[in-house]
Amino acid sequence: MTRTHHRSFGATLEDLARDIVDACRRTVRAIAVMPWPAMLVCCIALAFVISILPLALFLFVLFMGIKVIIGAFVVDQRRTSRDHYGEK
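Residues numbered from 1 in each chain as written. Predicted model: local features only at pLDDT ≥ 70, side-chain atom pairs only at ≥ 80, totals over all residues. Heavy atoms only, no water.

Novice: Help me understand the overall build of the protein in this model?
Specialist: Each helix and strand in the protein was counted, giving two helices and zero strands. Counting every position in the protein, which comprises 88 residues, the buried fraction comes to 0%. (Helix = DSSP H or I, 4+ residues; strand = E, 2+ residues; numbered from the N terminus. Buried < 20%, exposed > 50% of the residue type's maximum accessible area, 1.4 Å probe, protein only.)

Following this line, the structure appears as structure tokens:
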């Protein structure tokens, strides 16, 4: 029977931190050699991702929630009116 080797939580966090630092270093190097027009496009795309996309997702969830709540009231009202007319 083979034994599985479990790494410690600290070692896993160290690997994660090392990977994040490496990704940041690669990003800084890529930005350093990037021409100005490409950097402008990247900045606009980053602004879109940081500001507009979360706003769109929030509004989608908000309106979906409103739709579900209003739908629940409409279904309840129709069920009540159907039961009321069914008794007579």
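Novice: Please explain the pattern of salt bridges as it appears in this structure.
Specialist: Side chains that differ in sign of charge can pair as their charged atoms come close. As enumerated under the stated definition, the model contains one salt bridge in all. Its salt-bridge partner being Asp15, residue Arg18 comes within 2.8 Å of it at the nearest N-O pair. On the criterion of helical spacing, the pair formed by Arg18 and Asp15 is a turn pair, its members being three residues apart in helix H1 (residues 9–32). (Salt bridge = Lys/Arg side-chain N within 4 Å of Asp/Glu carboxyl O.)

Novice: I would appreciate a short explanation of the state of the cysteines in the present structure.
Specialist: Joining two cysteines, a disulfide is a covalent bond between their sulfur atoms. Evaluated as defined, the whole model comprises zero disulfides. No disulfide involves Cys42; its sulfur sits 7.0 Å from the nearest other cysteine sulfur, which is in Cys43. Cys42 gets classed as partly exposed once you look at its relative accessible area, which sits at 41%. (Disulfide = S-S within 2.5 Å.)

Novice: Is there a simple way to think about a nonpolar patch on the surface in this case?
Specialist: Residues Leu55, Phe58, Leu59, Leu62, Phe63, Ile66, Ile70 and Val74 make up a contiguous nonpolar surface patch of about 710 Å² in total accessible area. In this fold, Ile70 is placed in helix H2 (residues 36–87). Judged by its relative accessible area of 48%, Ile70 falls in the partly exposed class. (Patch = residues over 30% accessible without salt bridge, like charges linked within 9 Å, V, L, I, M, F, W, Y side chains within 5 Å. Areas by Shrake-Rupley, 256 points an atom, 1.4 Å probe, with all protein chains shown as cover.)

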